[in-house]
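Residue-level listing of the chains:
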Number of protein chains: 2
Amino acid sequence: MQELTISLNPKSKVPLYEQIYHYIKQDIQRGRIRAGEKLPSGRALSACLEVSRSTVDLAYEQLLSEGYLESVPCKGYYVCQIEDLCHFKEETEERMPVLPGKEDFCAYDFTPRGIDLEGFPYGTWRKLTRNILLDDNKELFQLGDPKGEWELRETITRYLYQARGVKCSPKQVVIGAGNDYLLLLLSVILGTDHRIAMETPTYKHAYQIFEQLGYALCTVPMDASGMEVSALEDSGARIAYVMPSHQYPLGIVMPIKRRLELLSWASREEGRYIIEDDYDSEFRYKGKPIPALQGTDQREKVIYIGTFSKSIAPAIRISYLVLPNGLLGSCEETLLSFSSTVSRIDQMTLNHFLKDGHFERHLNRMRTIYGRKHEILLGELKKLSGICKVTGERAGVHLLVEFTNGMTEKEAIARARAEGVRVYPLSEYEIGASKPRSGEGVTVILGYATLSEEELFEAVKRLAGAWHAP
Amino acid sequence: MQELTISLNPKSKVPLYEQIYHYIKQDIQRGRIRAGEKLPSGRALSACLEVSRSTVDLAYEQLLSEGYLESVPCKGYYVCQIEDLCHFKEETEERMPVLPGKEDFCAYDFTPRGIDLEGFPYGTWRKLTRNILLDDNKELFQLGDPKGEWELRETITRYLYQARGVKCSPKQVVIGAGNDYLLLLLSVILGTDHRIAMETPTYKHAYQIFEQLGYALCTVPMDASGMEVSALEDSGARIAYVMPSHQYPLGIVMPIKRRLELLSWASREEGRYIIEDDYDSEFRYKGKPIPALQGTDQREKVIYIGTFSKSIAPAIRISYLVLPNGLLGSCEETLLSFSSTVSRIDQMTLNHFLKDGHFERHLNRMRTIYGRKHEILLGELKKLSGICKVTGERAGVHLLVEFTNGMTEKEAIARARAEGVRVYPLSEYEIGASKPRSGEGVTVILGYATLSEEELFEAVKRLAGAWHAP
């Protein structure tokens, strides 16, 4: 019979049964009570510790459940034979959380990734969310459709048709928490044993995702119309990743001729697909948005991917895939296997945001805000026309500055940096073999979404100082 | 020179420039204007249509942008050479949305998947969300940490230590939109070129996910302690997927001896891992929750996965991985490649829900609610003791009913169905070669989370009628 030395603390927040349980468990783990030893009966231990019988019983039952004790009928509780107790020998040190490093600060940051949140209709979003959260919407807290809420998919279908010329039915639409997730899902649908062709420079983040997913990747040269289709044909790629409405980062709009050539390429062989990333087509400062390639596709070859992260807010993790009908049949099982990654509350909030006209108003407001910034930036950059030229400025929320005076990216970035302005190297977006060595390009990217109008004036003034310097 | 016949509608909501653009575009697409033809000058067309010059210019510029026209300096606008115009020949039929089918209805559904949402603190969740959405939290609408908000990861780390005995630092925690997504992410981290061992019966959904991801899968027999480690050793698997705190669906709690054996197995070879799915350990009706296997792991072999979908609400798409430090180093790049799938608003709402004690109160309330249902169901099922026995009833929100009178699953389900009660076959959860043919088992699953107390009384009464019938 094992003598237990347990000193209970009746004032502790830890219940008495739990204190007893911990004492015995530790004694077993540390080898102070050995396998096969008998523990005192519940009655005896409760008398000894001056606690109720049920307190001791609870502690014993927990130890039984976890496998430290076994109960032998009519005899009592015995310590189990546990071989690998060495596991408990070393005590783990306290693992302190490590705080993440703060990025170094720059007064004027032309980041091409952010968006202007001044225009975000917090009030509306809050009100819509509040309404969705009302008690009579309890059903919304249950798991929804793996492909996303049907109502939202209907609304997106209508929006895409009207705004982007995309032709689809809601059943082709799959809602997911961000483009990265959807590319991940797509890799499950298509498999990763084929080559993806990308332009260079391109949206580097997508490239990294494909790389992580284990795809073979190749680069295809671009001309002024975008990806060269003859080179694509030669590349052996089965999938082409393109941004026809506004190539990132160059800003090229793919003309209809090239679009049709690209569609022809895809039609020529079974299993070829075009991934159309329509990431920021909403913002265009002259004329109406360029229609999506998907709307021209008659042969079910375009996989369309769009997002509300850019047009509403990055934290709203809602993107969508539009799958060709031909592909849909074979991947329905996969789609149904993965539960939706977007909360139904967010989906319904977005649905109302779109349906009630808030999104359209929001886009118009943002077009005005970005349009003004765009104009200011272009106007101010004219003062630098002796040393650089501006391209890719027709849409989106970034433009390119190419130096014509022999200054390299690296130098331009360092000089800007010294004046407290951060600009980004175009060469960072180059991929594949043609990638110039870091900093050797002559073009930098200026994203202007997150800077205010006043900041833009000041930032370009500083850039002029930095880049005009002898 | 091409004569254009354009009839404009000044009363239409469509801007005039867009009407002109559409007319010309259609004419090109349908071959009515041919490649190489010259269009009227902007001045001429504006005079002819009696619209302003800038209206025509806008239309022409849009057509230029999309590549239908090209501008020849000092000469004018010409229609481009576009080879594949056949693409436009066939007109797509209107693709009507197909409404999803409604599942057939059953008065009393013992679904093991749902949860009781009566206890969900809508008011609190709404209030927390509202506070998060206040204007001064604008930063929250920018993209957050790919691995999840640091604050939430800290809170989860503390919660896991206190409630589950999981030892980790926030840097090991990765937040994701649901378990399915995290298993997908894990497949990118670990690669899919190795075998995963699973118990049978098991959580079928995880099995299907692994199957979709292209893993080789094998089944390992279970005894009363869970997965048999000698059979696991023989299986050649590199990863074991287990639910040590409460095996689904059998409800087995893995005793400490078996846990240590399992950890020893993992330690014996480089690259072996245990995925611990701790899906519903919060609900236990006697004693305290069984600690997680992860807390016993001293050799960085356990990948822990947990979720708030079960304990809060399925629509709250927040799960988390706890990665071993050893693995973390090699997969940091992958983790940073994929943007977070959970909105920061939801993350911060959950963070406050946890930190302010709402979660603990919610869990206690749910334990009481489920505990009462559990008691009622067990009490009522006693009346059927002649024909079946109940197992797996110590935790979670489901139990198993095994027929001892020779009745098969199939028969039991059909009879219950005739009385308006739906119960679920255990055999559906069997995987691999040992899987009995559908309906031939003798055990059914009863999930009781979604049924009210009154419904439980009535449902078991109907089951008694159904199963006692001659």
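Placed above this text is the structure.
Residues numbered from 1 in each chain as written. Chains lettered and ligands numbered in written order. Predicted model: local features only at pLDDT ≥ 70, side-chain atom pairs only at ≥ 80, totals over all residues. Heavy atoms only, no water.

### Here's the deal with the overall build of chain A
Looking only at helices and strands, chain A has 14 helices and 17 strands in total. In terms of C-alpha radius of gyration, chain A reaches 31 Å, well past the compact-globule figure of 23 Å for 470 residues. In terms of principal-axis extent, the alpha carbons of chain A reach across some 95 × 60 × 50 Å. Looking at the 470 residues of chain A, the share that counts as buried comes to 59%. In chain A, the proportion of contacts linking residues at least 24 apart, taken out of those at least 6 apart, comes to 71%. For chain A, the accessible surface area stands at approximately 19,300 Å², while carbon and sulfur atoms represent 50% of it. Side chains of chain A give 58 positive and 64 negative charges; the mean places of these two sets differ by 3 Å. (Helix = DSSP H or I, 4+ residues; strand = E, 2+ residues; numbered from the N terminus. Rg over C-alpha atoms; globule rule 2.2 N^0.38 Å. Buried < 20%, exposed > 50% of the residue type's maximum accessible area, 1.4 Å probe, protein only. Contact = heavy atoms within 4.5 Å. Areas by Shrake-Rupley, 256 points an atom, 1.4 Å probe, with all protein chains shown as cover. Lys, Arg positive; Asp, Glu negative; His and termini not counted. Charge placed at Lys NZ, Arg CZ, Asp CG, Glu CD.)

### Some words on the interface of chain B and chain A
Taken residue by residue, the interface counts 103 residues in chain B and 103 residues in chain A. Buried area between chain B and chain A, summed over both chains or domains, comes out near 9,000 Å², and the portion from carbon and sulfur atoms is 58%. Remark: the boundary between chain B and chain A carries 0 salt bridges. The tally of links between chain B and chain A comes to 13 residue pairs in polar contact (both at pLDDT 80 or more). Ranked by the residues each element gives to the side of chain B that touches chain A, the list is headed by helix 9 (residues 256-268) of chain B, at 6 residues. Looking at the side of chain B that touches chain A, its residues break down into 48 nonpolar, 25 polar and 30 charged. (Buried area = accessible area lost by both parts, 1.4 Å probe. Salt bridge = Lys/Arg side-chain N within 4 Å of Asp/Glu carboxyl O. Polar contact = N/O pair within 3.5 Å; in protein donor to acceptor, adjacent residues only side chain to side chain. Nonpolar A, V, L, I, M, F, W, Y, C, P; charged D, E, K, R; others polar.)

### Observations concerning the pairing of strand 12 (residues 319-322) of chain B
Residues and elements named next belong to chain B. Burial of strand 12 is two-sided: the residues S319 and L321 facing one way and the residues Y320 and V322 facing the other way are all buried. Two strands pair when backbone bridges link them, and strand 4 (residues 173-176) and strand 12 are joined in this way by 4 bridges, in the antiparallel orientation. Note that in strand 12 the partner of V173 across the bridge is V322. Pairing between strand 11 (residues 302-307) and strand 12: 4 bridges, direction antiparallel. Each bridged residue has a counterpart across the sheet, and for Y304 the counterpart in strand 12 is V322. (Pairing = 2+ DSSP bridges.)

### Details of empty space enclosed by the protein
A complete count under the given rule lists 14 cavities of 30 Å³ or more for this structure. Forming the walls of the largest cavity are 18 residues, and the residues nearest its centre are A:I345, A:D346, B:T129, B:I345 and B:D346. Only helix 4 (122-132) and helix 11 (344-355) of chain A together with helix 4 (122-132) and helix 11 (344-355) of chain B provide two or more residues apiece to the lining of the largest cavity. Each residue belonging to the lining of the largest cavity can be placed in one class, and the counts come to 9 nonpolar, 6 polar and 3 charged. (1 Å grid on protein atoms, 1.4 Å probe; cavity = no way out; pocket = protein on both sides within 12 Å on 5 of 7 lines; lining within 4 Å. Points joined across faces, edges and corners; volume = space filled by probe spheres on them.)

### Description of the sheet that holds strand 14 (residues 398-403) of chain B
Residues and elements named next belong to chain B. The antiparallel open sheet is built from 4 strands, whose spatial order is 13-14-17-16. Among the strands making up the open sheet, the edge pair consists of strand 13 (388-391) and strand 16 (424-425). Across 2 bridges, strand 16 lies against strand 17 (residues 443-447) in antiparallel orientation. Residue pairing in the sheet places P425 in a bridge with V444 of strand 17. Sheet strands in contact with helix 12 (residues 358-381) are strand 13, strand 14 and strand 17, and its direction is about 10° off that of strand 14. (Axes fitted to C-alpha atoms, helices over the stretch in contact; angles between N-to-C directions.)

### What to know about the nonpolar core
Membership of the largest hydrophobic core comes to 79 residues, with the highest contact counts inside it found for A:L186, A:F210, A:L323, B:L186, B:I189, B:F210 and B:L323. Every residue in contact with A:L323, bar those within four places of it in the chain, is listed here: A:Q172, A:V174, A:L186, A:I189, A:I303, A:L328, A:C331 and A:L335. (Core = buried A, V, L, I, M, F, W, Y, C linked by side-chain atoms within 4.5 Å.)

### A short note on the packing of helix 6 (residues 179-190) of chain A against helix 6 (residues 179-190) of chain B
Viewed as axis vectors pointing N to C, helix 6 of chain A and helix 6 of chain B meet at an angle of 70°, and their least axial separation amounts to 11 Å. What the angle tells us is that helix 6 of chain A and helix 6 of chain B run roughly perpendicular. Between helix 6 of chain A and helix 6 of chain B, the contacting residues are A:Y181, A:L184 and A:V188 on the first element and B:Y181, B:L184 and B:V188 on the second. Looking at the contact of helix 6 of chain A with helix 6 of chain B residue by residue, the classes come out as 6 nonpolar, no polar and no charged. (Parallel < 35°, antiparallel > 145°, perpendicular 65-115°, else oblique.)

### Re the packing of helix 4 of chain A against helix 11 of chain A
Residues and elements named next belong to chain A. Following both chains from N to C, one finds helix 4 and helix 11 inclined at 125°, their axes separated by 9 Å at the closest point. Here helix 11 runs oblique to helix 4, going by the angle between their axes. For the pair helix 4 and helix 11, the sense of crossing is right-handed. Of the residues in helix 11, those touching helix 4 at T124, W125, L128, T129 and I132 are I345, M348, T349, L350, H352 and F353. For the contact of helix 4 with helix 11, the class distribution of residues is 7 nonpolar, 4 polar and no charged. (Left-handed = near helix turned anticlockwise from the far one by under 90°.)

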